[in-house]
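These are the residues of each chain, in order.
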Amino acid sequence: RHFLILLLTASFLLMAFKESSNTYQTECISLETDGYVSFKIWDTKLGKSYKIEQARKDAIHAVLYAGIAGSNGCSTQTAILDKSEDIYKFQKIENEFFSSKGKWAQYTRSSSIETTLPANPIEKNWKVYQVSVSKDALKKYLEEKSILKSINTGF
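Residues numbered from 1 in each chain as written. Predicted model: local features only at pLDDT ≥ 70, side-chain atom pairs only at ≥ 80, totals over all residues. Heavy atoms only, no water.

Asks: Tell me what's going on with the nonpolar core, and back it up with residues and numbers.
Replies: Counting 29 residues, the largest nonpolar core has Ile41, Ile60, Leu64, Phe97, Val133, Leu138 and Leu142 as the members making the most contacts within it. At the level of secondary structure, the elements contributing two or more residues to this core comprise strand S1 (24-31), strand S2 (36-43), helix H2 (52-66), helix H3 (84-97), strand S4 (129-134) and helix H4 (135-144). If you tally residues by element for this core, the top one is H2, at six residues. Setting aside residues up to four positions removed in sequence, Leu138 forms contacts with Ile60, Val63, Leu64, Ile80, Phe97, Tyr107 and Val133. (Core = buried A, V, L, I, M, F, W, Y, C linked by side-chain atoms within 4.5 Å. Buried < 20%, exposed > 50% of the residue type's maximum accessible area, 1.4 Å probe, protein only. Helix = DSSP H or I, 4+ residues; strand = E, 2+ residues; numbered from the N terminus. Contact = heavy atoms within 4.5 Å.)

Below, the structure is given as structure tokens:
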């Protein structure tokens, strides 16, 4: 039993210190009353090669893991997966979720090339997209998959 606890602790630490390969940046546009958060997203490494489908996946990734920094009247949106055990549970289904036939696409409402650049662009050649993600529907999905505990379940 102690070995299992040690193994789980070590795996959580490795996940926490794992270097992220994500090079996307986000800038909040609006919080909508229907549970969506809209924001600009761009990839500093891919620049003009950044594709719309990847932007949509990155937007969901940002909502799940990183959160969205507040700006332009938007309050900061914390990451949905804010506990290491929730992250661990989601990582078990992450490849399937983000696959070509995965559920990820259901949680983005719109995506278009944004005509205005981020507030402090370093490069003018980036493709910047506007994407809306349904945080409420995504949370509900994670609760149904027993990744997050429902607020109604108590403590």
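What follows picks up the thread again.
Asks: Pulling in residues and values, what's your account of the state of the cysteines?
Replies: Considering all chains together, one arrives at one disulfide under this definition. Note that Cys28 is cross-linked by a disulfide to Cys74, the S-S spacing being 2.3 Å. One disulfide, between Cys28 and Cys74, carries an S-S torsion of -85 degrees and so falls in the left-handed class. Linking Cys28 in strand S1 with Cys74 in the loop between H2 and H3, this pair joins segments that are 46 residues apart in sequence. Residue Cys28 shares its accessibility class with Cys74, and that shared class is buried. (Disulfide = S-S within 2.5 Å.)

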